[in-house]
Amino acid sequence: GGRCGRRCYPTRPIYMHRRTAVVAGIAGVAISVLAPGVLARLCGPRFCGRRLLATRPARATASECKGDSTPSTVLHLNAAGASPMPTEARDAMVGYLEYEVEVGAYTAQKKRPHAAREALATLLRCDVEEVALLDSAQAAWARAFYSLNFTSSADRILCFASEYAGNAVAYLQMARRTGARIEVLPMRTDGIADVPALEAALQRTTTSERAERPGRTLVALTHIQTSESIVQPAAAVGALCERYGAVFLLDTCQSVGQLPVDVRALGCDFACGTGRKWLRAPRGTGFLYVRRRALDEATRSGSTSLFGEPPLIDHSGAVWSTPDSYTLLPDAKRFEMWEADEAARHGLEAAAVVCRATGPARNFAHATRLAARLRSGLAAIPGCVIRDAPPSFDEEVARSLGAARCAIVTFEAESTLGVRSADLHSALEARGISVSVSPSTHHFEPAARARPSVVRISPSYINAESEIDTALAAIAEELARLAREKGA
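Calculation notes
- Residues numbered from 1 in each chain as written.
- Predicted model: local features only at pLDDT ≥ 70, side-chain atom pairs only at ≥ 80, totals over all residues.
- Heavy atoms only, no water.
- Helix = DSSP H or I, 4+ residues; strand = E, 2+ residues; numbered from the N terminus.
- Buried < 20%, exposed > 50% of the residue type's maximum accessible area, 1.4 Å probe, protein only.
- Salt bridge = Lys/Arg side-chain N within 4 Å of Asp/Glu carboxyl O.

## Focus on unusual backbone geometry
Phase 1: For Arg 125, which is not a glycine, the phi torsion comes out positive at approximately 60 degrees.
Phase 2: When you line up the elements, Arg 125 lands in the loop between α5 (116-124) and β5 (131-134).
Phase 3: With relative accessibility at 53%, the residue Arg 125 sits in the exposed group.

## Considering the pattern of salt bridges
It is possible for side chains of opposite charge to pair when their charged atoms get near one another.
Phase 1: The tally for this structure, following the rule as stated, stands at 26 salt bridges.
Phase 2: Arg 117 serves as the salt-bridge partner of Glu 336, at 2.8 Å between the closest nitrogen and oxygen. With Glu 336 in the loop between β14 (325-328) and α13 (342-358) and Arg 117 in helix α5, this residue pair connects regions lying 219 residues apart in the sequence.
Phase 3: With its nearest N and O atoms 2.8 Å apart, the salt bridge here joins Glu 485 to Arg 481. Here the residue Glu 485 and the residue Arg 481 both occupy positions in helix α19 (residues 465-487), the gap between them amounting to four residues, near one helical turn.
Phase 4: For Glu 485, a relative accessible area of 48% puts it in the partly exposed group.
Phase 5: On the basis of relative accessibility, which here comes to 29%, the residue Arg 481 falls in the partly exposed class.
Phase 6: Each member of the salt-bridge network shares a partner with another, and the members are Asp 127, Glu 129, Glu 130, Arg 264 and Arg 292.

So, in structure tokens, the structure goes:
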């Protein structure tokens, strides 16, 4: 409305005011992102080539908009949830946003294209044509899963008892829709996927069935479960899928960025990942690896395999070739949609470059050393029960099977002291220690689902031993306090 109070139609001056408001809003976002970066520039890690020149304690200035109760600094021990971005990723995003304000979104996209696919392809050791960009790992996983042509009870979904809930509900939905059979395979007593049980299940498909309808079995594996420390033997699973002609869908949400992931060596047809966790990219970024044969088989005339078209497409993933026909793009970009957060993808590219420069193998070694220190300290705190792997887990045995132990550490004290993980999480958060809580529902087995929720701590290569000791001291103090209050 105008100054007279009456409603007016927009005119050019009003449009100019709106544009000014938009510019001011974007500038405000840029300032809020840059402000905490001042300290990071002074004491943060700087990267040069492949050598990490310095490692800082993983504390970052908290946003002033949080409120008076928020600590001035935060100790980040939640890489399995969301990591703080490196300066390189933040600068890439802010720089692109500033350029976008200057020249406009379409011009910025044209003149400053990102190279996120190339950076990820280098990290994953695959071709750039095999990488699609999406806005989360779950979106990437779902695009792959729902592209598969399940049609009847002759089709099978083989998964393991320890499974991410977001994937499990999709299996159930697909079975309800199409009649496809879900076969849940057991875990060993040490928490490692039972690979011989998988081979026995694959062998149950007869030779004649495989010849008539090849590739009608999906094997799905979560590389690292969200609340567990076991890196499952994906390469062994991939080898069996290759031998028996099964489709292999691998969830690498918790592994890419935490440890080296070579999708070719693992033998998977699909692999999904996220930016916000160990890769330290912005939220709203994810990616999907699609093996070349999966791309080719999906469009091959007369194919009877599970490989199919993406569950949804638009004009960026397919060409509208005639009024009544379309042609899918030949590469993994067929799984993408036209609209995207270009600034976030610049941040994703920068984060992938940083990860490669620091070295995934070296990052993994450092983070797992911190995790081992953390487990040792937790074991000495009365009432703590470590839950990220069964007591029978043995790292030497795991290595012989192609498995390993990662930097995810989970524990609870509800079964011993009656202290809920949510309450301990809140107490640690109030002290500026960023961790998370994981429910027990990521499992098919009723006994596992009946366990209490756990506190999840996940240090990464940006953390130091002193920070682990700080967290342990805080856990001991807060757990003792909460237990006293519970007793009272």
